[in-house]
Amino acid sequence: MRIAVTGSIATDHLMTFPGRFADQFVADQLHTVSLSFLVDNLDVRRGGVAANIAFGMGQLGTKPILVGAAGFDFDEYRAWLDRHGVDTDSVRISETLHTARFVCTTDADHNQIGSFYTGAMSEARLIELKTVADRVGGLDLVLIGADDPEGMLRHTEECRSRAIPFAADFSQQIARMEGDEIRVLMEGATYLFSNEYEKGLIQTKTGWNDEEILSRVGHRVTTLGSRGVRIERAGEDPIEVGCAEEERKADPTGVGDAFRAGFLSGLAWGVSLERAAQVGCMLATLVIETVGTQEYQLQRGHFMERFTKAYGQSAAEEVQAHLG
């Protein structure tokens with residue numbers, strides 16, 4: 001099963017300021033702020049929703065096709081993804097723009113000042129999925145993740161016109177979208193991904209209730225935080241899967257991306273929806289135990305040991321046959 005993952009490709013530059021931002025502001029001078037903070041630490045991490053999902057799928061051996069736009073500074077990041085089983089040949093490289101970048105400084109009180117530079121991500125709208133499909137011999141599913149809004153719309157419309165099944169996954173972009181945009185991007189999706197808060201936001205903005213949404217999408221996949229995930233289909237009982245036990249909670253960033261990577265890998269293997277959700281929850285648990293969205297290591301023996309403990313021997317034997 002050939003799965004393309006579209007969406008953002010970015011790097012995060014995270015800095016730590018040992019003092020308090022509040023101590024640096026003068027109340028009657030806030031209209032003319034000019035400050036510079038001497039920081040102690042700088043962490044540069046790979047990110048972007050599409051790259052995170054593709055990385056996880058690569059770790060599971062399902063050879064995802066990454067589709068997105070990056071800058072002329074992408075070489076090192078590309079090499080990293082290539083080494084971890086991701087097909088990066090359909091990434092568009094901008095001739096003039098840097099890869100999207102999030103720059104954030106956190107103070108001693110955990111207040112943050114951040115900026116997001118979209119950069120090359122704005123060129124995602126120039127990518128044609130037919131070119132990707134022709135290169136790899138066809139696409140069985142396209143995940144349309146948070147990206148340049150026009151790019152998301154183009155990819156959705158192209159999937160419909162070419163009868164390519166697609167998964168709608170708005171994530172961070174849902175806050176800026178209006179109801180009409182969400183309806184267009186969701187209509188006819190084989191899968192609709194969201195967390196529990198986004199689920200409510202989708203219903204509020206579209207004006208559609210649960211039944212109306214389920215009449216327009218094949219499967220609604222809602223992540224529930226520590227309670228796992230729920231999969232709903234029109235006219236059928238929901239499937240609910242719990243999370244594997246955590247060894248520690250280091251950093252929640254990228255947990256949703258990891259779930260999607262595991263779930264999509266399960267679909268690629270052809271296992272049941274319940275089993276795919278279990279793989280997704282297990283991978284998400286590994287990510288929450290690690291600082292950084294692509295810093296975890298998937299050691300198959302350890303993965304299967306914990307998967308067996310969480311979901312039982314018969315489930316583990318089925319996954320083991322695909323994981324190798």
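Let us look at the structure shown here. Keep in mind that what you see is a predicted model, and the values were worked out from it rather than measured. (Residues numbered from 1 in each chain as written. Predicted model: local features only at pLDDT ≥ 70, side-chain atom pairs only at ≥ 80, totals over all residues. Heavy atoms only, no water.)

Structural notes on the nonpolar core
To keep things clear, this is the line we draw: Joining through side-chain atoms within 4.5 Å is the link that ties buried Ala, Val, Leu, Ile, Met, Phe, Trp, Tyr and Cys residues into a set, and such a set is a nonpolar core. Exposed residues in this analysis have more than 50% of their type's maximum accessible area, buried residues have under 20%, and partly exposed residues fall in between, with area computed by a 1.4 Å probe over protein chains only. Helix numbering and strand numbering both begin at the N terminus, where a helix is a DSSP run of H or I of at least 4 residues and a strand a DSSP run of E of at least 2. For this analysis, residues touch if any pair of their heavy atoms sits within 4.5 Å.
Grouped together as the largest cluster of nonpolar side chains are 57 residues, with contacts concentrated most on Phe-263, Phe-303 and Phe-307. For this core, the element with the most residues is helix α9 (residues 273–288), which contributes 10 residues. Setting aside anything within four residues of it in sequence, one finds Phe-303 in contact with Leu-60, Val-279, Met-282, Leu-283, Leu-286, Leu-298 and Leu-323. Leu-139, Ile-182, Met-186 and Ile-213 belong to the second-largest nonpolar core, a separate cluster that totals 28 residues.

Topic: the sheet that holds strand β10 (residues 166–168)
Basically, it comes down to this: Strands are treated as partners if at least two bridges between them are detected by DSSP. Note on method: axes are straight lines fitted to C-alpha atoms, helices fitted across the in-contact stretch only, with angles between N-to-C directions ranging 0 to 180 degrees.
An order of β4-β1-β9-β10-β11-β12-β13-β14 is seen for the eight strands of this open sheet, with the pairing classed as mixed. The open sheet has two edge strands with one neighbour each: β4 (65–67) and β14 (239–241). Neighbour-to-neighbour, the strand axes of this sheet turn through a mean angle of 20°, independent of strand direction. Pairing between strand β9 (residues 141–144) and β10: three bridges, direction parallel. Residue pairing across strands places Leu-143 opposite Ala-167, the latter belonging to β10.

Thoughts on the packing of aromatic side chains
Centre distance and the angle of the planes are the two values used to describe a pair of aromatic rings. Condition: Two rings belonging to Phe, Tyr or Trp (six-membered ring only in the last case) form a pair when the distance between their centres is within 6.5 Å. Interplanar angles under 30 degrees mark stacking, angles over 60 mark edge-to-face geometry, and anything in between is tilted. Criterion for a charge above a ring: Arg CZ or Lys NZ at most 6 Å from the ring centre, at most 35 degrees from the ring normal.
In the structure shown here, the tally under the stated rule is 12 aromatic pairs. Plain terms: the ring middles of Tyr-191 and Phe-193 are 6.4 Å apart, the flat faces sit at 25° to each other, and that makes the pair stacked. Here a set of aromatic residues connected by ring pairs shows up, and it is made of Tyr-191, Phe-193, Phe-259 and Phe-263. A cation over a ring is seen here: Arg-46 above Trp-80, with NZ or CZ 3.9 Å from the ring centre.

With respect to helix α2 (residues 75–83)
Applicable threshold: Note that the arc is computed from the directions linking the helix axis to the C-beta atoms.
Looking only at α2, the buried set comprises Tyr-77, Trp-80 and Leu-81. The buried residues of α2 occupy an angular sector of 95° when the element is viewed end-on, so they sit on one face. Along α2, the residues that are exposed and aim more than 90 degrees away from the buried face are Asp-75, Glu-76 and Arg-83. Here the buried face of α2 lies against β2 (10–16), β3 (41–47), α1 (49–59) and β4. Immediately beyond the C-terminal end of α2, within one or two residues, lies Gly-85, with a positive phi of roughly 85°.

Looking at the pattern of salt bridges
Rules: The salt bridge criterion pairs a side-chain nitrogen of Lys or Arg with a carboxyl oxygen of Asp or Glu, the two atoms within 4 Å.
With the rule as written, the count across this model stands at 25 salt bridges. A salt bridge links Asp-109 to Arg-20; its shortest N-O distance comes to 2.5 Å. Separated by 89 residues along the polypeptide, Asp-109 in the loop between β7 (100–106) and β8 (112–117) and Arg-20 in the loop between β2 and β3 bring together distant segments of the chain. Accessibility expressed as a relative area gives 35% for Arg-20, which makes it partly exposed. Glu-196 is the salt-bridge partner of Arg-227, the closest N and O atoms lying 2.5 Å from each other. Residue Arg-227 is located in the loop between β12 (219–223) and β13 (229–232), and its partner Glu-196 is located in helix α6 (residues 196–206); the two are separated by 31 residues in the primary sequence. With a relative accessible area of 47%, Arg-227 lands in the partly exposed category.

Observations regarding the side chain of Gln-294
As a reminder of what qualifies: Each polar contact in these results corresponds to two N or O atoms within 3.5 Å; when the atoms are within protein, one needs to be able to donate a hydrogen and the other to accept it, and residues that are neighboring in sequence are counted only if both atoms are side-chain atoms.
Counting through the fold element by element, Gln-294 comes out in the loop between α9 and α10 (300–311). In this structure Gln-294 comes out as buried when scored by relative accessible area, which is 0%. One polar contact links Gln-294 to Asn-52, side chain to side chain, over a distance of 2.9 Å. A polar contact is formed between the side chain of Gln-294 and the side chain of Trp-80, at a distance of 2.9 Å. The residues contacting Gln-294, other than those within four sequence positions of it, are Arg-46, Gly-47, Ala-51, Asn-52, Phe-55, Tyr-77, Trp-80 and Leu-81.

Brief notes about a nonpolar patch on the surface
Here is the rule we go by: A patch is a set of surface residues, each over 30% in relative accessible area and not in a salt bridge, joined within 9 Å for like charges and within 5 Å for the nonpolar side chains Val, Leu, Ile, Met, Phe, Trp and Tyr. Methods summary: accessible areas were calculated by the Shrake-Rupley approach with a probe of 1.4 Å, and residue burial reflects only the protein chains presented.
Taken together, Phe-25, Val-33, Leu-35 and Ile-113 make up a surface patch of nonpolar side chains, about 320 Å² in accessible area. Note that Leu-35 resides in the loop between β2 and β3.

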